[in-house]
Amino acid sequence: MSEQALSSASQVLEARFPIIVYVTNQDLSQLPTSESHGNPWLPFGDRLAYEWARYHYVKLQSSAADIQQGLDLWRATVMMYQADHDSCDGVPWKSAAEMYGTIDAIPVGGVGWTTYRLSYSGPQPTGTLPQWMQETYELNVRDVLSVFEEQLASKEFDGEFEYMPYEEYNEKGSRVYSNLMSGIWAFREALQDTISQDKKTHGAMFVPIIAGSDKTTVSVATGHQEYHPVYASLGNITNTARRGHGNGVVPIAFLPIPKRVDPFQASKRQRKKTAFQMFCRQLYHSCLELVFAPLKPYMMEPKVMKCPDGHFCRTIFGLGPYIADYPEQVYLSGVVSTWCPKCDALPTDLDGSGSHHRSHIKTDLLIKTFNPSVLWDDFGLRHNIVPFTYSFPRADIHELLAPDLLHQLIKGVFKDHLVEWVLEYLHLEHGETVALDIIEDIDRRISAVPPFPGLRRFPDGRDYQQWTGDDSKALMKVFLAAIAGYVPSVMVRCIAAFMDACYIARRNAIDSPSLEHFQDCVETFHQLRTIFIEVGVRISLSLPRQHALKHFYRAIHLFGSPNGLCSSITESKHIRAVKEPWRRSNRYHALTQMLKTILRTDRMTALHRHLEDSGALRGPGPPGFPSGLGNNVPIDLEDLEDDDEAVVPGKSENTSDFDVQLAFRTQHGYPSRLYPLAMYIQQPKFPLVFAQFLYKFSHPDELVAPSTIDECPAFEGAIKVHHSAIATFYAPSDLSGSGGLRRERIRSTPHFFGHPRRDTVFVVVDDSQVGMEALEIGRVLLFFSFEYRRKNFSCALINWFVHTDERDPDTGMWVVKQELDRRGQPTLEVIHVDSIARAAHLLPIYGDSRVPENFHYHCALDSYRTFFVNHYVDHHAHEFIGRD
Ligand SMILES: [Zn+2]
């Protein structure tokens, strides 16, 4: 942080908050400079040393002791084969510490950490000073200007970076809200500065900074430690790149967390506790102000910076959306808990009409007009908190608080409210014994669903307290079908409306009709949720996290899809920024060690990127060096027989295309001729439907093939059997590569964890239609390939499941049942895999039946007659066959 920025920030803070003062700061970075002298691996001696360090430090995350042991073994190996023991042993380091020294000398990447010590300097009471007034608190921070300078200059984001705010329209002419720069807010901000002709900022590139903080706890057997990291990301990076890349979101600060007030002091005088709490809040805002201070001069005057495309650009910064969960939003905005940080709705009726948006200007006016107790009681405002955003141009925390899908909707409304309320309803309605019995069956219903790529199975017993966001997301996928029949219709419809809203909000791109549908779903949810009052589960529905839904509509217009801003992004960073570095520390003064680990890992990553860009890693390497080492070889599903899904690098030309290919590997042990194969798989009608497929291929204009095999072409060739096919498609709202591509494995195999597994797929039957109208469901009995008239065919033998004309009125899901012929036998057909779109997930419609105790999910598709087509199984499915 520059001296100038520091002193100006310091003056601002001292003028407003006389309570906090800097004691000292210490720079942990000490960036060395080094010349390359033609060795691209510097500061490493050669490729072997570099790869060895990367293998141990980044990949295995070895401890110092393990690194030492590795070096010793390496040295011993060299000695054993070296005739002359006196010469240099060629092992680059004697100790782990030496290797760390080399990593610290990497000249690229990783902006160092600076520690500020802050303490109370306000009026002091007579008598003994409370402990917290004497304490110093450490803020660890990186110079954000350097952090973003480095990010902007990184070629990594070339092609995934929006240089200007834009308006996007789809082929139907509807506005699409997706990346931050596609929203109204970025456009409006840029209009004020970079677009307006009469300003010196005219023509500059607007770079909004997305920030987020999220307290996290690291638990170990011996206790736990809290950390409060702040993360930031360039708002110009696309949503998929922000979620897909490891480096789109970086930790920039660790805020100090003062320990709870000394119990002795608190019990003596409550007033001191209030003073302490106020200090905590001010400390928090002062720290955030310090964190962003280096950007402040360039929020008004442009700074020339290098961009991902390699060009230099006049850049103007601005504070962008801030990601935080509700308790932290309360802290950030200076409102009273239970009030809304974004509007002035009364806590007793948060969703009532007549509320207005909060803003800094309104708050100032209220503070000037009313005394503190009126502010507290009538407006839910703390008079003595000045949010950090006050110190930055154009920033208003009430507007910038971003919608938070993970905490507000998934963990909040779904898990903590709706799931709990349903369980409570069952207890109220049926009494303890029957309720527990029903809940046990609901659990079994959840376990009985067929497997699906990306669908995790629930272990026995629901200990909701321990549930992560991922558990809640997983439960959402299968919950409705499991409770249908056990709770009133209106309750199912209420939860379905909420889930639809939630799934639309989680899309990577939301067009205006979908956004209107989102709003309809929210309104339906608000109307129907009164059922929980009617059945006696709730007295009030005025809940901040449910109320947050009301602000999503506007927030999506402003900031684009919440998918790019969700706290699950910052939450996933905890692993790399907090949990792993914590595990590698010796727990004593852990934070200092953690900051070092973060910095070293960043430098290794930056050097790796640099080596990739320069082509050094593509070389053959030293003699005997394993090929492909060190390169980021994309995970190929082919190699991972157990994996059902993978992300795919690169982009797709047409985002509505599906590509289905049979697995490369063919299965031995099957007869290769048609009739023996039909016998082997116990499908006597296979030869007929196979011949009919060939007939239709030879007669493309004829809709119906002859019903006897004699009228169809004969086939004498060989047939190869495959146990799976791989579908690749554009699914940017789900786990996907930075270009939004995703891959899933569709299985038809006799052995999957000891049982046969025959997956179901969407088959396109009428491509002039959209959604379920264009589709039927097929269950794949066999994937096979053959050559016919010098052409290769990839095919599937399927049973059909046909859908009814209407969706189920409660769950909103399509209903399908197995198609039977006149003799009551399942219909059979051979189709080309090109007509398969992707895997489909069917949920048994349990009706009022109980799932038998030892029921195994592999039997689900054979044991039930009718099924829901699960459009909650992933976001692609929801968009593909959803209701909007
Ligand atoms: Zn509100």
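This text follows the structure it describes.
The rules we used
- Residues numbered from 1 in each chain as written.
- Predicted model: local features only at pLDDT ≥ 70, side-chain atom pairs only at ≥ 80, totals over all residues.
- Heavy atoms only, no water.
- Phe/Tyr/Trp six-rings, centres within 6.5 Å; stacked < 30°, edge-to-face > 60°.
- Helix = DSSP H or I, 4+ residues; strand = E, 2+ residues; numbered from the N terminus.
- Buried < 20%, exposed > 50% of the residue type's maximum accessible area, 1.4 Å probe, protein only.
- Lys NZ or Arg CZ within 6 Å of the ring centre and 35° of its normal.
- Donors = N, O, S within 2.8 Å, 3.2 Å for Na, K, Ca; no water.
- Tetrahedral: all angles 85-135°; square planar, octahedral: opposite > 155°, others 65-115°.
- Salt bridge = Lys/Arg side-chain N within 4 Å of Asp/Glu carboxyl O.
- Pairing = 2+ DSSP bridges.
- 1 Å grid on protein atoms, 1.4 Å probe; cavity = no way out; pocket = protein on both sides within 12 Å on 5 of 7 lines; lining within 4 Å.
- Points joined across faces, edges and corners; volume = space filled by probe spheres on them.
- Nonpolar A, V, L, I, M, F, W, Y, C, P; charged D, E, K, R; others polar.
- Core = buried A, V, L, I, M, F, W, Y, C linked by side-chain atoms within 4.5 Å.
- Domains from an automatic or database assignment.
- Contact = heavy atoms within 4.5 Å.
- Polar contact = N/O pair within 3.5 Å; in protein donor to acceptor, adjacent residues only side chain to side chain.
- Axes fitted to C-alpha atoms, helices over the stretch in contact; angles between N-to-C directions.
- Parallel < 35°, antiparallel > 145°, perpendicular 65-115°, else oblique.
- Left-handed = near helix turned anticlockwise from the far one by under 90°.

Asker: Honestly, the packing of aromatic side chains in this entry has me stumped. Any pointers?
Answerer: The relative placement of two aromatic rings is captured by the distance of their centres and the angle of their planes. Taken as a whole, this structure holds 49 aromatic pairs when the rule is applied. With 5.9 Å between their ring centres and 40° between their planes, Phe658 and Phe729 make a pair best called tilted. One end of the pair, Phe658, is in strand β15 (residues 658-662); the other, Phe729, is in strand β17 (residues 724-730), with 71 residues separating them in the sequence. Among the residues examined, Phe658 registers a relative accessible area of 27% and is labelled partly exposed. Given the relative accessible area of 1%, Phe729 is considered buried. Taken together, the aromatic side chains of Phe686, Phe690, Phe693, Phe697, Phe715, Phe784, Phe786, Tyr788 and Phe793 make up a single cluster linked through ring pairs. Geometry around Tyr503 places Arg506 over its ring, the cationic atom sitting 5.0 Å from the centre. When the ring centre of Tyr57 is taken as origin, the NZ or CZ atom of Arg584, which lies over that ring, is 4.1 Å away.

Asker: Looking at this model, I keep getting lost on the coordination of the zinc ion. Mind explaining?
Answerer: Note on metal geometry: ideal angles are 109.5 degrees for four donors arranged tetrahedrally and 90 or 180 degrees for six donors arranged octahedrally. Here the zinc ion is held by Cys340 (SG), Cys343 (SG), His547 (NE2) and His551 (NE2), and the distances to it run 2.0 to 2.2 Å. If you look at the zinc ion, its four donor atoms make angles of 104 to 117° with each other, and the shape they trace is tetrahedral. Each donor residue of the zinc ion lies on the same chain, and together they follow the pattern C-x2-C-x203-H-x3-H. Here His547 and His551 have matching classes, each one buried.

Asker: Explain the pattern of salt bridges here, please?
Answerer: Pairing of side chains with opposite charge becomes possible as their charged atoms draw close. Taken as a whole and judged by the stated rule, the model has 25 salt bridges. Across the pair Arg188 and Glu399 runs a salt bridge, and its minimum N-O distance is 2.7 Å. Taken together, the positions of Arg188 in helix α7 (residues 184-195) and Glu399 in helix α14 (residues 397-400) put the pair 211 residues apart, joining distant regions of the chain. In this structure Glu399 comes out as buried when scored by relative accessible area, which is 16%. Two residues, Arg554 and Glu399, come together in a salt bridge whose shortest N-O distance is 3.5 Å. Remark: Glu399 occurs in helix α14 and Arg554 occurs in helix α21 (residues 552-559); sequence separation between them is 155 residues. One network of salt bridges, with partners in common, ties together Arg188, Glu189, Arg394, Glu399 and Arg554.

Asker: Please explain the pairing of strand β2 (residues 113-120) as it appears in this structure.
Answerer: A regular strand places its side chains on the two faces of the sheet in alternate fashion. The element β2 is largely enclosed, with a buried count of seven among its eight residues. Note that β2 and strand β3 (residues 136-142) share seven bridges and pair antiparallel. Bridge pairing in β3 places Leu118 opposite Tyr137.

Asker: What's the story with empty space enclosed by the protein in this structure? I'm lost.
Answerer: Using a probe with the size of a water molecule, rolled over the atoms, empty space left in the structure can be pinpointed. As enumerated under the stated definition, the model contains four cavities of 30 Å³ or more in all. Here the largest cavity defines a volume of roughly 120 Å³. In this structure, the largest cavity is lined by 15 residues; those nearest its centre are Gln329, Lys342, Gln408, Ala548 and His551. For the lining of the largest cavity, the secondary structure elements donating two or more residues are α11 (326-333) and α20 (544-547). Classifying every residue of the lining of the largest cavity gives nine nonpolar, four polar and two charged.

Asker: Where do I start with the nonpolar core in this structure?
Answerer: Soluble globular proteins: nonpolar side chains tend toward being buried together. Within the largest apolar cluster, 107 residues are counted, with the highest numbers of intra-cluster contacts made by Leu426 and Phe498. For this core, the leading source of residues is helix α15 (residues 405-447), giving 18 residues. Looking at which domains feed residues into this core, each of domain 3 (406-564) and domain 4 (637-881) supplies at least three. Those residues within four positions of Phe498 in sequence are excluded, and the remaining contacts are Leu409, Val413, Phe414, Leu418, Met476, Phe525 and Leu549. Counting 71 residues, the second largest nonpolar core, distinct from the first, contains Met181, Ala190, Val291 and Ile397.

Asker: Would you take a moment to explain the sheet that holds strand β5 (residues 175-177) for this structure?
Answerer: Strand order across the open sheet formed by three strands is β4-β5-β13, with antiparallel pairing between neighbours. The outermost strands of the open sheet, each flanked by one partner alone, are β4 (168-169) and β13 (510-511). As paired strands, β4 and β5 are joined by two bridges and run antiparallel to one another. Within β5, the position partnered with Glu168 by the bridge is Val176.

Asker: So what exactly am I meant to see when it comes to the environment of Thr524 here?
Answerer: As for its placement among the helices and strands, Thr524 is situated in helix α18 (residues 512-528). C-alpha of Thr524 to C-alpha of Arg493: the two residues are 31 residues apart in sequence and 8.8 Å apart in space.

Asker: Got a minute to help me understand the side chain of Asp810 in this structure?
Answerer: In this structure, Asp810 sits in the loop between β22 (791-807) and β23 (814-818). One polar contact links Asp810 to Ser489, side chain to side chain, over a distance of 2.8 Å. Contacts of Asp810, omitting those with residues within four sequence positions, involve Ser489, Val492, Arg493 and Ala496.

Asker: Would you mind showing me how to read the packing of helix α17 (residues 489-505) against α18 here?
Answerer: Describing two packed helices takes the angle between their axes plus the distance from one axis to the other. Their axes nearest at 8 Å, the elements α17 and α18 cross at an angle of 150°. When the interaxial angle is binned, α17 and α18 end up roughly antiparallel. Between α17 and α18 lies a crossing whose hand is left-handed. Contact residues: Val490, Arg493, Cys494, Ala497, Phe498, Asp500, Ala501, Ile504 and Ala505 in α17; Ser514, His517, Phe518, Cys521, Val522, Thr524, Phe525 and Leu528 in α18. In terms of residue class, the contact of α17 with α18 is built from 12 nonpolar, three polar and two charged.

Asker: Can you walk me through the pairing of strand β12 (residues 312-323) in this structure?
Answerer: β12 sits mainly inside the fold: nine of its 12 residues count as buried. Alignment of strand β6 (residues 205-213) against β12, held across seven bridges, turns out to be parallel. Across the sheet, residue Ile209 finds its bridge partner in β12, namely Leu319. Looking at chain direction, strand β11 (residues 303-306) and β12 are connected through four bridges and run antiparallel. Paired with Lys303 across the two strands is Thr315, which belongs to β12.

Asker: What is the right way to read the packing of helix α2 (residues 47-59) against helix α3 (residues 64-81) from this model?
Answerer: Contact pair α2 / α3: the axes reach a minimum separation of 11 Å and the direction vectors enclose 145°. Between α2 and α3 lies a crossing of right-handed hand. Packed against α2, whose contacting residues are Leu48, Trp52 and His56, the element α3 presents Ile67, Gly70, Leu71 and Trp74 at the interface.

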